[in-house]
Amino acid sequence: MDTVTYPNQSVIDYIAKNFVPVRYNAQTSADAKGKYRVLWAPTVILLDPDGTEYHRFNGFLPPEEFIPQLEFGLGKMALEKQDIKTAGTQMKQVVEKYPKSDVAPEAQYWVGVIAYQLTHDVNAEVNAWKKIIEDYPNSIWAKKVSCAVACIKE
Amino acid sequence: MVRYVLTFLVAAVSMTPFAKTVLADDKGGPPAIVWEKTLSDAQGKAKASGKPVLVDFYMIA
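Cut-offs and rules
Residues numbered from 1 in each chain as written. Chains lettered and ligands numbered in written order. Predicted model: local features only at pLDDT ≥ 70, side-chain atom pairs only at ≥ 80, totals over all residues. Contact = placed C-beta atoms within 7 Å. Helix = DSSP H or I, 4+ residues; strand = E, 2+ residues; numbered from the N terminus. Nonpolar A, V, L, I, M, F, W, Y, C, P; charged D, E, K, R; others polar. Pairing = 2+ DSSP bridges. Expected span 1.5 Å × (residues − 1). Buried ≥ 20, exposed ≤ 12 C-beta atoms within 10 Å, placed from the backbone. Axes fitted to C-alpha atoms, helices over the stretch in contact; angles between N-to-C directions. Parallel < 35°, antiparallel > 145°, perpendicular 65-115°, else oblique. Left-handed = near helix turned anticlockwise from the far one by under 90°.

Caption draft 1: Region of the structure containing the interface of chain B and chain A. Each partner contributes to the interface: chain B provides 24 residues, whereas chain A provides 31 residues. Ranked by residue count, the leading element in the side of chain B that touches chain A is helix α2 (residues 39-49) of chain B, at 7 residues. When the residues that make up the side of chain B that touches chain A are grouped by side-chain class, the tally is 16 nonpolar, 3 polar and 5 charged. In this structure, strand β1 (residues 20-25) of chain A lies alongside strand β1 (residues 53-58) of chain B, joined through 6 bridges in parallel fashion. Note on β1(B): the bridge partner recorded for A:Val20 is B:Val53.

Caption draft 2: The arrangement of helix α3 (residues 63-80) of chain A in detail. Residue and element names in this part refer to chain A. Its 18 residues give α3 an end-to-end C-alpha distance of 26 Å, which sits within 8% of 26 Å, the value for a rise of 1.5 Å per residue. Residues of α3 that are buried sit in contact with α1 (9-18), β2 (43-47), β3 (53-58), α4 (84-97) and α5 (104-119). One or two steps after α3, the chain reaches Gln82, where phi turns positive at roughly 65°.

Caption draft 3: Fine view of α5(A). Residue and element names in this part refer to chain A. The terminal C-alpha atoms of α5, which comprises 16 residues, lie 22 Å apart, in line with the 22 Å expected from a rise of 1.5 Å per residue. The set of residues buried in α5 consists of Ala104, Pro105, Glu106, Ala107, Gln108, Tyr109, Trp110, Val111, Gly112, Ile114 and Ala115. Following α5 by one or two positions, His120 has its phi on the positive side, about 55°.

Caption draft 4: How the structure looks around the packing of α4(A) against α5(A). Residue and element names in this part refer to chain A. Running from amino to carboxyl end, α4 crosses α5 at an angle of 150°, the nearest separation of the two axes being 8 Å. On the basis of their axis angle, the class for α4 and α5 is roughly antiparallel. Once α4 is placed against α5, the crossing between them reads as left-handed. Of α5, the residues touching α4 (which contributes Ile84, Ala87, Gly88, Met91, Lys92, Val94 and Val95) are Ala104, Ala107, Gln108, Trp110, Val111, Ile114, Gln117 and Leu118. Its residues placed into classes, the contact of α4 with α5 shows 11 nonpolar, 3 polar and 1 charged.

Caption draft 5: Structural context of the sheet that holds β1(B). The strand order β1(A)-β1(B)-β2(A)-β3(A) describes an open sheet built from 4 strands, whose pairing is mixed. The open sheet is flanked by β1 and β3 of chain A, the only strands paired with a single partner. Across this sheet, the average inter-strand angle for adjacent strands is 15°, counted without regard to direction. One ladder, built from 5 bridges, connects β2(A) with β1(B); its direction is antiparallel. Counted as the bridge partner of A:Val44 is B:Asp56 from β1(B). Helix-sheet contacts for α2(B) involve β1 of chain A together with β1 of chain B, and the interaxial angle to β1(A) is about 170°.

By themselves these figures say nothing about function.
Laid out in structure tokens, this is it:
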């Protein structure tokens, strides 16, 4: 991360714009590591200002995957805080701005969930999920929505 | 008029070393993320700015 991702100018700018960053050496910071149940490094955790965790991911990610993960995390934070409109905007941005990222199909899944929460129309959800099957047919998320999409068709 | 031009030139020449210093400072090191030192520092700034906190756990190989 220190040789590829964190020196990347887009990553530097994205973090400066959206987060307050702090870092701990997992080998020497037993208290913080224990508090956040960190098993291995690198681990990135997103917290709200009160310290509540909303998203985490493990392992190295290059900039083109790291930034979408952070944007996805902001969407999850908004969703779990019941700020549904912001969550919808964030998740759509992940799919539209980073359609080739590995997190895009999961973001599209939540676009469907949020569409239902906003409209209570199951077709809105299924239409969003159909896009996963069309655009990301080999993703685990295509499998997760396959039954629902097939059942609603019938 | 000549006096004004000379005054300007003297001022410009005398400021050259300072200008070099400023330019060198602007170059500085490579751009980098500004990490907070502790979680409580980060949470304090997060509360003030409304931004979430990103915590990075790393290891030195």
